[in-house]
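# Fold and geometry: a report
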Amino acid sequence: MSKEKNIKGNLNEGLDKAKDVIDDVAGQASELVGEASEHIVDMVEEAKEKVQEIVSDEAVQKAKEKANEFVDGAKEVLDDITEKASEVAGETSEHLADFAKEAKEEFKESKTKTKNFFQRLFGK
């Protein structure tokens, strides 16, 4: 039986060593998994930040495009207003010139009539 005990002892000793190796490998694997998960979390956070930057950049770009569209529309409206104002100013100046000419003629006529009235009134 001593041989059997010796075999059992060696077998138990081998199993204990195997168990120690398995425990050691499991511990190291657990550490590696923990480190890997930390790195993965960091990578995910970095990816989230990059995505947010890209989204922000896209949002800013879209806002710039909308602002440019608004500015272009405002320029068109301003050009239309300027054109209309020029037309109105041109028409107004024509009318003012006609009005001034007519007023001058009316003034001359009134002056002549007034002069004639006073000459007849005072007999000169």
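Provided above is the structure to which this section pertains.
This section reports on the structure supplied with the text. (Residues numbered from 1 in each chain as written. Predicted model: local features only at pLDDT ≥ 70, side-chain atom pairs only at ≥ 80, totals over all residues. Heavy atoms only, no water.)

### Some details on the pattern of salt bridges
Counted only if it meets this: The term salt bridge refers to a side-chain nitrogen of Lys or Arg lying within 4 Å of a carboxyl oxygen of Asp or Glu. Helix and strand labels come from DSSP, where a helix needs a run of H or I of at least four residues and a strand needs a run of E of at least two; each type is numbered from the N terminus. Classification of residues uses two cut-offs on accessible area relative to the type maximum, computed with a 1.4 Å probe and protein chains only: under 20% is buried, over 50% is exposed, and between them is partly exposed.
Applying the stated criterion across every chain, the model contains 2 salt bridges. The partner of glutamate 109 in a salt bridge is lysine 113, with the nearest N and O atoms 3.3 Å apart. Here glutamate 109 and its partner lysine 113 are both found in helix H1 (residues 2-122), 4 residues apart, which amounts to about one turn of the helix. Taking the relative accessible area as the measure of exposure, glutamate 109 reaches 41% and is therefore partly exposed. For lysine 113, a relative accessible area of 52% translates into the label exposed.

### Digging into the packing of aromatic side chains
Note the threshold: For Phe, Tyr and Trp, rings pair up if their centres lie within 6.5 Å, where Trp contributes its six-membered ring, and each pair is then called stacked (planes under 30 degrees apart), edge-to-face (over 60) or tilted (otherwise).
For the structure shown, the criterion picks out 2 aromatic pairs. Seen from their ring centres, phenylalanine 117 and phenylalanine 118 are 5.5 Å apart, and the 70 degrees between their planes marks the pair as edge-to-face. Judged by its relative accessible area of 46%, phenylalanine 117 is partly exposed. Under the relative-accessibility criterion, phenylalanine 118 is labelled partly exposed at 40%. Note on phenylalanine 118 and phenylalanine 122: the rings are 6.1 Å apart at their centroids and 5 degrees apart in plane angle, and the pair reads as stacked. Of the two residues, phenylalanine 118 and phenylalanine 122 both sit in helix H1, 4 residues apart, roughly one turn of that helix. Joined through ring pairs, the aromatic side chains of Phe117, Phe118 and Phe122 make up one cluster.

### Considering a positive patch on the surface
Under the convention used in this document: Only residues above 30% relative accessible area that lack a salt bridge enter a patch, with like-charged residues linked at up to 9 Å and the nonpolar side chains Val, Leu, Ile, Met, Phe, Trp and Tyr linked at up to 5 Å. The Shrake-Rupley method, run with a 1.4 Å probe, gives the accessible areas here. Residue values count only the displayed protein chains as cover. Asp and Glu count as negative and Lys and Arg as positive, but His and the ends of the chain are not part of the count. Working definition for charges: the position is that of NZ of Lys, CZ of Arg, CG of Asp or CD of Glu.
Taken together, Lys104, Lys108, Lys111 and Lys115 make up a surface patch of like positive charges. As for its position among the elements, lysine 115 is in helix H1.

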